[in-house]
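One letter stands for each residue in the lines below.
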Amino acid sequence: MGFLDVLFGRSKPVKPDLDQLFGLPSAAITLQAAVGFTPTGAGSVCFAAIEGGAFAQVQQEVRALLGADFERGDAPVEFSRDTYGYSWLLSRRDPGDLTSLVNDLHAVNTALQDSGFGPQLLCSLVTFHDAELRSLALVYLYKRGTFYPFAPLPGDRRDNPLELQVKAVIEDDLRIEQDLTRWFPLWGAPGL
């Protein structure tokens, strides 16, 4: 960072660290012990809309990579587009196999990044629920290299006290986003 950057308050962007995703299994254990949330077996990757042959090839490679695991049946991943125009890839695993789900999400992020689509990556999330069937997602912000909890309620509301409680519970397991204005709501995210 140069002198003018300091003078004008500019900072160097944080380099994404996809290996942070591997902290999710230990955070899940902490989450279950502290507040009773368990994995649902669903995880998603969100990226800006990408068109063209290069992305179609990456999409086929991701399907082939994740489809090589015969335990998952015929539909290893689902691709969709939300109302805001963002693309989503949803992966489902057995709820007790969070490690494999994290490996899937890491593989997808890495494939997109290595194919030159890193700037289009937005976030990844893994979903949880408790005995009352409340939903919770741990969201990884690709461009920040941090996580935050998102707890949706009916009617496009959030359970902010639960989100802050989860933040306090898992901050020793994951790098938590400290800027709460970056805790974006992900209404209708696949798997949530």
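Draft legend 1. Quick look at the layout of surface pockets. Looking at the largest pocket, its volume works out to about 430 Å³. Contributing to the lining of the largest pocket are 19 residues, with Y86, L122, C123, F184 and L186 lying nearest its centre. The greatest single-element share of the lining of the largest pocket, amounting to 3 residues, is contributed by strand 4 (residues 121-129). When the residues that make up the lining of the largest pocket are grouped by side-chain class, the tally is 15 nonpolar, no polar and 4 charged.

Draft legend 2. A look at helix 5 (residues 160-170). Taken as a whole, helix 5 has its buried residues at L162, E163, V166, K167 and I170. For helix 5, the angular spread of buried residues about the axis comes to 140°, placing them on one side. Contact partners of the buried residues in helix 5: helix 2 (24-35), strand 5 (135-141), strand 6 (146-150) and strand 8 (157-158).

Draft legend 3. Representation of the side chain of E163 in the model. Summarising the element assignment, E163 is placed in helix 5. Note on E163: relative accessible area 2%, which makes it buried. Other than its neighbours up to four places away in sequence, E163 contacts P149, F150, A151, R158 and W183.

Draft legend 4. The packing of helix 2 against helix 4 (residues 98-117), seen in detail. At their nearest, the axes of helix 2 and helix 4 sit 9 Å apart, and the two run at 140° to each other. Viewed along their axes, helix 2 and helix 4 adopt a mutual orientation that is oblique. Both helix 2 and helix 4 take part in a crossing whose hand is right-handed. For the pair helix 2 and helix 4, the contacting residues are L24, P25 and A28 in the first and L98, T99 and V102 in the second. Partitioning the contact of helix 2 with helix 4 into residue classes produces 5 nonpolar, 1 polar and no charged.

Draft legend 5. Spatial organisation of the sheet that holds strand 4. Strand order in this open sheet of 6 strands is 2-3-1-4-5-6, and the pairing throughout is antiparallel. Looking at which strands have only one partner, the edges of the open sheet turn out to be strand 2 (77-81) and strand 6. This sheet shows a mean twist of 20° between the axes of neighbouring strands, independent of strand direction. Pairing of strand 1 (residues 38-47) with strand 4, which is carried by 7 bridges, proceeds in the antiparallel orientation. Residue T38 lies in a different strand from strand 4, and its bridge partner there is H129.

Draft legend 6. Summary view of the environment of V35. Examined against the element boundaries, V35 turns out to sit in helix 2. It is 8.4 Å that separates the C-alpha atoms of V35 and V169, two residues lying 134 residues apart in sequence. For V35, the contacting residues outside a window of four places in its chain are Q165 and V169.

Draft legend 7. Geometry of the packing of aromatic side chains. Going through the model one piece at a time under the given rule, you end up with 3 aromatic pairs. Ring centres 6.0 Å apart and planes at 20° place the aromatic pair Y148 and W183 in the stacked group. Separated by 35 residues along the polypeptide, Y148 in strand 6 and W183 in the segment after helix 5 bring together distant segments of the chain. Like Y148, the residue W183 is buried in the burial classification.

Reading the values: rules and limits
- Residues numbered from 1 in each chain as written.
- Predicted model: local features only at pLDDT ≥ 70, side-chain atom pairs only at ≥ 80, totals over all residues.
- Heavy atoms only, no water.
- 1 Å grid on protein atoms, 1.4 Å probe; cavity = no way out; pocket = protein on both sides within 12 Å on 5 of 7 lines; lining within 4 Å.
- Points joined across faces, edges and corners; volume = space filled by probe spheres on them.
- Helix = DSSP H or I, 4+ residues; strand = E, 2+ residues; numbered from the N terminus.
- Nonpolar A, V, L, I, M, F, W, Y, C, P; charged D, E, K, R; others polar.
- Buried < 20%, exposed > 50% of the residue type's maximum accessible area, 1.4 Å probe, protein only.
- Arc of directions from axis to C-beta.
- Contact = heavy atoms within 4.5 Å.
- Axes fitted to C-alpha atoms, helices over the stretch in contact; angles between N-to-C directions.
- Parallel < 35°, antiparallel > 145°, perpendicular 65-115°, else oblique.
- Left-handed = near helix turned anticlockwise from the far one by under 90°.
- Pairing = 2+ DSSP bridges.
- Phe/Tyr/Trp six-rings, centres within 6.5 Å; stacked < 30°, edge-to-face > 60°.

In short, geometric facts, not functional conclusions.
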